[in-house]
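Structure assessment
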Amino acid sequence: MTPEAWVALATVFILGAMSPGPSLAVVLRNTMVGGRRQGVMTGIGHGIGFGIYAFLAAVGIATALTLHESTETVLKWGGIALLLWLGVKFLKASMGESYESSEEADHGLSGRAGFAQGFAIALLNPKILAWMLALYAPFIEADIGTGTLLGMGLLGMTIDGSWYITVATVLTRGDGVSKLRAQARRIDAAMGVLMFVFAGLLFSGYL
């Protein structure tokens, strides 16, 4: 992959991590009810789970490209459809109610439990699967090397984990949570527009 492709992929990972959703809700909740340590452990667990998810998705797409010549076309149009669907979902969310995190949690949860929750939500969040399938297609080729696939997984793990650790350590100080919630609609709106932009670029063959 070219340096430009790595930058584009990193941007995708960053925006995906920042998007409000189940993962952010779990990290915020665990931080607020279990303290910074539990929030950080949740972020670490989520980052590792996301990294594994990113690597397996990349391997799966690369394998499919090797086995079937038509896979590239299927991935292209499937990716475009998923991007448009995500764009609509994000724009609808931007016009809905402001983000609220759940306050129902066990105050006795340990850092280990927070880690397990973060890891699980990364693997069970359907938005992540749709995100991977839609946005990985432009970056993966049939002859892509194992090192590059591992690099994709590590990049996703580092960015995702760093973001949620930051949420647990910085954004939850003072009124940081309230400020983050206040920006949820804007983030969703920006994400919706970006999904349509990516769909257009993928359709035109630029990506």
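Residues numbered from 1 in each chain as written. Predicted model: local features only at pLDDT ≥ 70, side-chain atom pairs only at ≥ 80, totals over all residues. Heavy atoms only, no water.

1. A closer look at the overall build of the protein chain
Counting secondary structure elements, the protein chain contains eight helices and zero strands. Its helices and strands taken in sequence order, the protein chain reads α-α-α-α-α-α-α-α from the N to the C terminus. Each of the 207 residues in the protein chain was classed as buried or not, and the buried ones make up 44%. Long-range pairs, those at least 24 residues apart, make up 90% of the contacts in the protein chain between residues at least 6 apart in sequence. Total accessible area computed for the protein chain in this model is approximately 10,300 Å², and 65% of it derives from carbon and sulfur atoms. (Helix = DSSP H or I, 4+ residues; strand = E, 2+ residues; numbered from the N terminus. Buried < 20%, exposed > 50% of the residue type's maximum accessible area, 1.4 Å probe, protein only. Contact = heavy atoms within 4.5 Å. Areas by Shrake-Rupley, 256 points an atom, 1.4 Å probe, with all protein chains shown as cover.)

2. Quick look at the side chain of T42
When you line up the elements, T42 lands in helix α2 (residues 22–67). Among the residues examined, T42 registers a relative accessible area of 0% and is labelled buried. If we ignore the near neighbours within four places in the chain, the residues touching T42 are V26, V27, N30, G114, F115 and G118.

3. Thoughts on the nonpolar core
Counting 20 residues, the largest nonpolar core has F13, F50, M132, I140, I144, L149 and M152 as its most contacted members. Among the elements that line this core, the one with the most residues is α2, at eight residues. If we skip the residues at most four places from it in the chain, F50 touches F13, A122, I128, M132, G156, M157 and D160. Within the second largest apolar cluster, eight residues are counted, among which are V12, L83, L86 and F90. (Core = buried A, V, L, I, M, F, W, Y, C linked by side-chain atoms within 4.5 Å.)

4. Considerations on the environment of G51
Mapped onto the elements, G51 comes out in helix α2. Assessed through its relative accessible area of 3%, G51 is described here as buried. C-alpha of G51 to C-alpha of M157: the two residues are 106 residues apart in sequence and 4.0 Å apart in space. Not counting chain neighbours up to four residues away, the residues in contact with G51 comprise G153 and M157.

5. Digging into the packing of aromatic side chains
Enumeration over the complete set of coordinates arrives at one aromatic pair. With a centroid separation of 5.6 Å and 85 degrees between ring planes, the pair formed by F13 and F50 is classed as edge-to-face. With F13 in helix α1 (residues 3–18) and F50 in helix α2, this residue pair connects regions lying 37 residues apart in the sequence. With respect to class, F13 is no different from F50; both count as buried. (Phe/Tyr/Trp six-rings, centres within 6.5 Å; stacked < 30°, edge-to-face > 60°.)

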